[in-house]
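# A structural walkthrough
Okay, here's what each chain looks like letter by letter:
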Protein chains: 2
Amino acid sequence: MNKEFLIQVHERVKPHIHNTPVLSSELINEISGCKVYFKCENFQKMGAFKMRGAANAISKLTDEQKSKGVVTHSSGNFAQALSLAAKKIGVKAYIVMPESAPQVKKNAVRTYEGEIFESGSTPKEREDLAEKVRKDKGATFIHPSNDDNVIHGQGTAAMELLEEQPQLDYIFTPVGGGGLIAGTALAVKYFSNNCKVIGGEPKNADDGFRSLQSGKIEYNDSVNTIADGLRTNFGDRNFPIIKEEVERIILVEENEIVEAMKLVWERMKIIIEPSSAVAFAALLKEKEQFKNKEVGIIISGGNVDVANLPF
Amino acid sequence: MNKEFLIQVHERVKPHIHNTPVLSSELINEISGCKVYFKCENFQKMGAFKMRGAANAISKLTDEQKSKGVVTHSSGNFAQALSLAAKKIGVKAYIVMPESAPQVKKNAVRTYEGEIFESGSTPKEREDLAEKVRKDKGATFIHPSNDDNVIHGQGTAAMELLEEQPQLDYIFTPVGGGGLIAGTALAVKYFSNNCKVIGGEPKNADDGFRSLQSGKIEYNDSVNTIADGLRTNFGDRNFPIIKEEVERIILVEENEIVEAMKLVWERMKIIIEPSSAVAFAALLKEKEQFKNKEVGIIISGGNVDVANLPF
């Protein structure tokens, strides 16, 4: 791993993604007590940063592998990302989703021509079906967050942010399965001087926080959080990077997530999903620690049901 | 009036405004059947294009006039715009609002240090109180839409849009009091080759449409529309420009406004107010007429109560 390697990752995904804008607001700066730069991956294709990792992973396949397609299990943004990236590159995508997943999410995958396989709702049922599809189709399995190429792809959002704002003291990301924060940590390691990476995580799904404390991957017994993208846990590919490179993880309450989300909607006039608001909520929660600093925040996505809001 | 004059207007307001981004979306283009460029005045200071006209009008005052303040009657975005522009330029702003105006709008004006005078709810009561304040304070009255300097200031949004996308065939704006569409028409006249200006107006407040038909300023008996910024009528300063320079006005139903608004929220991930959605709804309604054309749309603002949505 080095700088040149990550530059090649960026070149590989560039044709398939937007270089999303970095937005700021005087009022948000006043409220936060520091200078905040939002890297707006809610404006990314299919509405989330996951497009980056999916595009990198599929682009790296051999022609033989491409001809047989890719498979993943996800009911969230990675399902859409893998479907759209696969469509753009001319590869078949098989998506394992719980039968109980919302119809709107199934429709989004179908819009991007992903082929859905419906599983039971437990992780084991999901994984077993993905493994069966992998074998039956000869497809390549791509994990939504615990895959080196996915991790590297996700890091390109922070690379672009640092290219535009190289002076940043901190970059905040939400903490879910670990792909985004691990990729961000690698980008920060190779493309900044003294920038530190901080995670925001829902207190009601605090596996990441506990993993950093104990030094091994911890799991959630329950995941009662509105931040539906952050219910998953770290894996063996991303956790070593996170353990080594991430400064700390800040936990936030559900009402803090909703308030941060509403603040961004009202003041920035942009639509961000609850998972994205978690990183900003973490900054607000401990804003005395970051007074007068320059802070980047990865707004991870904007896929939210606008007819069913928490405020 | 000439090109040089409008360039000076732009130079005058530039220190007080954002040059807002122009956004587009492949999916919106597909749905619309043409190339659409959104000039995002929802990202403007205080959340709407009205900042431009207010800043121009106040900047043009003499020092003597500035020392005595400005006054307007508005319960909408112009109340906030005049307050903020006055604050930035160091001028006192007196805002006449109906006593019945929502508390959230009064609070917004106070945030920008505007001083509120509460009137009865009829136009006559509003105008009488504004006239009284003008006399008592020696302040300069600035009309929200029927004022030359306001009209010229509003035109700078289209100037910036044409600077970025000079090939546009059409620019759509919402039709309310006429300041934005008249200013846009002047900008288009002097800064484009063959671009045409088209207005979108709620069928439930169709005074503008009827005014173009009859050739004189028409009024609404009732204004039962969600597009609360578009309930006002043309005036003697802006109507002659509109009559001369605007191609036509397209009327849209309430459900078409809501659908267009929801589409932009979901696909563009930006927050636009109902009045802004009217211009896009007009394009969608007659999209066969604009097939494969290049169309700019002025997204006039993003001030909406996100806790009280029409979908």
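Residues numbered from 1 in each chain as written. Chains lettered and ligands numbered in written order. Predicted model: local features only at pLDDT ≥ 70, side-chain atom pairs only at ≥ 80, totals over all residues. Heavy atoms only, no water.

## Side note on the overall build of chain A
Note the following rule: Strands here are runs of E lasting at least two residues and helices are runs of H or I lasting at least four, both read from the DSSP assignment and numbered beginning at the N terminus. Radius of gyration: over C-alpha atoms. The globule rule applied is 2.2 Å multiplied by the number of residues raised to the 0.38 power. Burial classes follow relative accessibility: with a 1.4 Å probe on protein chains only, a residue under 20% of its type's maximum area counts as buried, one over 50% as exposed, and anything between as partly exposed. Contact criterion: two residues are considered in contact whenever any of their non-hydrogen atoms come within 4.5 Å of each other. Per-residue and other accessible areas follow the Shrake-Rupley method at a 1.4 Å probe size, with only the shown protein chains counted as cover for residues. Charged residues are defined here as Lys and Arg on the positive side and Asp and Glu on the negative side; His and the ends of the chain fall outside this count. Note on charges: their place is set at NZ of Lys, CZ of Arg, CG of Asp or CD of Glu.
Helix and strand counts for chain A stand at 13 helices and ten strands. For 311 residues, the compact-globule estimate of 2.2 N^0.38 gives 19 Å, and chain A sits close to it at 18 Å. Expressed along its principal axes, the backbone C-alpha trace of chain A runs to roughly 55 × 40 × 40 Å. For chain A, with 311 residues in total, the buried portion stands at 58%. Counted over contacts in chain A with a minimum sequence separation of 6, partners at least 24 positions apart contribute 71%. Counting every atom, chain A has about 12600 Å² of accessible surface; 43% of that belongs to carbon and sulfur. Taking the average place of the 39 positive charges on the side chains of chain A and the average place of its 42 negative ones, the gap between the two points comes to 3 Å.

## Section: the relation of the copies chain B and chain A
Applicable threshold: Only residues with pLDDT of at least 70 in both copies contribute their C-alpha atoms to the least-squares superposition of the copies.
For these two chains of identical sequence, chain B goes onto chain A by a turn of 180° and a shift of 0.0 Å along the axis, with RMSD 0.0 Å. Considering both components of the superposition, the chain copies are consistent with a two-fold axis. Relative to the rotation axis, the C-alpha of Ile270(B) is the closest in chain B, positioned 2.2 Å from it. In this assembly the copies share their binding face: 100% of the residues contributing to the interface of chain B also contribute to that of chain A.

## Quick look at the domain arrangement of chain A
Residue and element names in this part refer to chain A. We apply this condition: What counts as a domain boundary in this text is fixed by an automatic or database domain assignment. What gets called buried area is simply the loss in accessible area from a 1.4 Å probe that two parts show on being joined, summed for both. As used in this structure description, the phrase polar contact means that two N or O atoms lie within 3.5 Å; if the pair is within protein, one of them must be able to donate a hydrogen and the other to accept it, and residues adjacent in sequence are counted only when both atoms belong to side chains.
Taken domain by domain, chain A consists of domain 1 (3-48 + 149-308) and domain 2 (51-147). Distance between the C-alpha centres of domain 1 and domain 2: 23 Å. On the side of domain 2, 23 residues touch domain 1, which itself brings 33 residues to the contact. Buried surface at the junction of domain 1 and domain 2, both sides included, amounts to about 2100 Å², of which 52% is carbon and sulfur. Area buried by domain 1 at its contact with domain 2 is led by Met-46, Asn-149 and Val-150, which between them contribute 34% of it. At the junction of domain 1 and domain 2, the tally comes to 18 residue pairs in polar contact (both at pLDDT 80 or more).

## Some remarks on the sheet that holds strand 8 (residues 196-202) of chain B
All names here are of chain B. Convention followed: Strands qualify as paired when DSSP identifies two bridges or more between them.
Overall, mixed pairing links the six strands, which are arranged 1-2-10-7-8-9 in an open sheet. Strands at the two margins of the open sheet, each flanked by one partner only, are strand 1 (22-23) and strand 9 (246-252). Strand direction decides the pairing type here: strand 7 (residues 170-174) and strand 8, joined by five bridges, are parallel. When the sheet's bridge partners are listed, Ile-171 is paired in strand 8 with Val-197.

## Examining the pairing of strand 2 (residues 35-40) of chain A
Residues and elements named next belong to chain A. Of all six residues in strand 2, five are buried; the element is thus mostly enclosed. Note: strand 2 against strand 10 (residues 294-299), six bridges, orientation parallel. Paired with Val-36 across the strands is Val-295, a residue of strand 10.

## Brief notes about the interface of chain B and chain A
By convention, interface size is frequently given as the accessible area that disappears when the constituent parts associate. Selection criterion: Just to be clear on terms, a salt bridge is a Lys or Arg side-chain nitrogen sitting within 4 Å of an Asp or Glu carboxyl oxygen.
Across the contact, 19 residues belong to chain B and 19 residues belong to chain A. Taking both sides of the interface into account, the surface hidden between chain B and chain A amounts to around 1600 Å²; carbon and sulfur atoms contribute 65%. Considering only the surface of chain B that becomes buried against chain A, Lys269(B), Ile271(B) and Val306(B) emerge as the three largest contributors, covering 38% of it. Across the pair Glu26(B) and Lys45(A) runs a salt bridge, and its minimum N-O distance is 3.9 Å. In this structure, the connection of chain B to chain A is made through six residue pairs in polar contact (both at pLDDT 80 or more).

## Quick notes on the nonpolar core
Short version of the rule: By nonpolar core is meant a set of buried Ala, Val, Leu, Ile, Met, Phe, Trp, Tyr and Cys residues that side-chain atoms within 4.5 Å join together.
Ranked by size, the top nonpolar core spans 79 residues in total, and within it Phe172(A), Trp265(A), Phe172(B) and Trp265(B) carry the most contacts. Excluding anything up to four places from it in sequence, Trp265(A) contacts Ile270(A), Ile271(A), Ile272(A), Val304(A), Val306(A), Leu309(A), Phe311(A), Trp265(B), Ile271(B) and Val306(B).

## A short note on the pattern of salt bridges
Counted by the stated rule, this structure contains 45 salt bridges over all chains. The closest approach of N and O atoms between Arg52(B) and Glu41(B), which form a salt bridge, is 2.7 Å. Within this pair, whereas Arg52(B) is found in helix 3 (residues 50-59), its partner Glu41(B) is found in the loop between strand 2 (35-40) and helix 3, the two being separated by eleven residues in sequence. On the accessibility criterion, Arg52(B) (0% relative accessible area) is buried. Take Glu41(B): its relative accessible area is 0%, and that puts it in the buried class. Each of Lys39(A), Glu41(A), Arg52(A) and Glu160(A) takes part in a single network of salt bridges with overlapping partners.

## Section: the sheet that holds strand 10 of chain A
Residue and element names in this part refer to chain A. Convention followed: Fitting a line to C-alpha atoms yields each axis, with helices limited to the stretch in contact; the angle taken between N-to-C directions then spans 0 to 180 degrees.
Taken in spatial order, the six strands line up as 1-2-10-7-8-9 in an open sheet, and their pairing is mixed. The two strands at the open ends of the sheet, each matched to only one other strand, are strand 1 (22-23) and strand 9 (246-252). Contacts between helix 8 (residues 148-164) and the sheet are confined to strand 1, strand 2, strand 7 (170-174) and strand 10, with strand 10 contributing the most and set at about 145° to the helix. With respect to the sheet, helix 9 (residues 179-191) is in contact with strand 7, strand 8 (196-202), strand 9 and strand 10, its orientation differing from that of strand 7 by roughly 165°.

## Focus on the side chain of Glu41(B)
Within the local environment of Glu41(B), its side chain forms a polar contact with the side chain of Arg52(B), the two groups lying 2.7 Å apart. Among all residues touching Glu41(B), those that are not within four sequence positions of it are Thr20(B), Gly47(B), Ala48(B), Phe49(B), Arg52(B), Ala157(B), Ile298(B), Ile299(B), Ser300(B) and Gly301(B).

## Examining the pairing of strand 7 of chain A
All names here are of chain A. The condition that has to hold: Here, the term right-handed applies to a crossover whose path from the first strand over the helix to the second runs clockwise when the strands point away from the viewer.
For strand 7, the buried fraction is high: five of the five residues fall into the buried class. Neither face of strand 7 is exposed, since Tyr-170, Phe-172 and Pro-174 on one face and Ile-171 and Thr-173 on the opposite face are all buried. As for the winding sense of the linkage, the β-α-β connection from strand 7 through helix 9 to strand 8 is right-handed. The pairing of strand 7 with strand 10 spans three bridges and is classified as parallel. The residue of strand 10 that forms the bridge with Phe-172 is Ile-297.

## A look at the packing of aromatic side chains
Here is the rule we go by: Two aromatic rings from Phe, Tyr or Trp, using only the six-membered ring of Trp, form a pair when their centres are within 6.5 Å; if the ring planes differ by under 30 degrees the pair is stacked, by over 60 it is edge-to-face, and anything between is tilted.
Applying the stated criterion across every chain, the model contains 13 aromatic pairs over all chains. Ring geometry for Tyr170(A) against Phe290(A): centres 4.9 Å apart, planes inclined by 90°, an arrangement best described as edge-to-face. Residue Tyr170(A) is found in strand 7, and its partner Phe290(A) is found in the loop between helix 13 (274-285) and strand 10; the two are separated by 120 residues along the sequence. As far as burial versus exposure is concerned, Tyr170(A) and Phe290(A) are alike and both buried. Members of the aromatic cluster, joined through ring pairs, are Trp265(A), Phe311(A), Trp265(B) and Phe311(B).

## Structural notes on the packing of helix 5 (residues 77-89) of chain A against helix 6 (residues 103-111) of chain A
All names here are of chain A. Applicable threshold: Oblique is the label for any angle not covered by the other classes, which are roughly parallel (under 35 degrees), roughly antiparallel (over 145) and roughly perpendicular (65 to 115). A clockwise turn of the near helix away from the far one marks a right-handed crossing, whereas an anticlockwise turn of less than a right angle marks a left-handed crossing. Any residue that is not Ala, Val, Leu, Ile, Met, Phe, Trp, Tyr, Cys, Pro, Asp, Glu, Lys or Arg is counted as polar, Gly included; the first ten are nonpolar and the last four charged.
Interhelical geometry of helix 5 versus helix 6 gives an angle of 10° and a closest axis separation of 8 Å. Classified by the interaxial angle, the pair formed by helix 5 and helix 6 is roughly parallel. In this structure, helix 5 meets helix 6 at a crossing whose hand is right-handed. Note on element contacts: helix 6 touches helix 5 through Ala-108, Val-109 and Thr-111, opposite Ala-79, Gln-80, Ser-83 and Lys-87. Partitioning the contact of helix 5 with helix 6 into residue classes produces three nonpolar, three polar and one charged.

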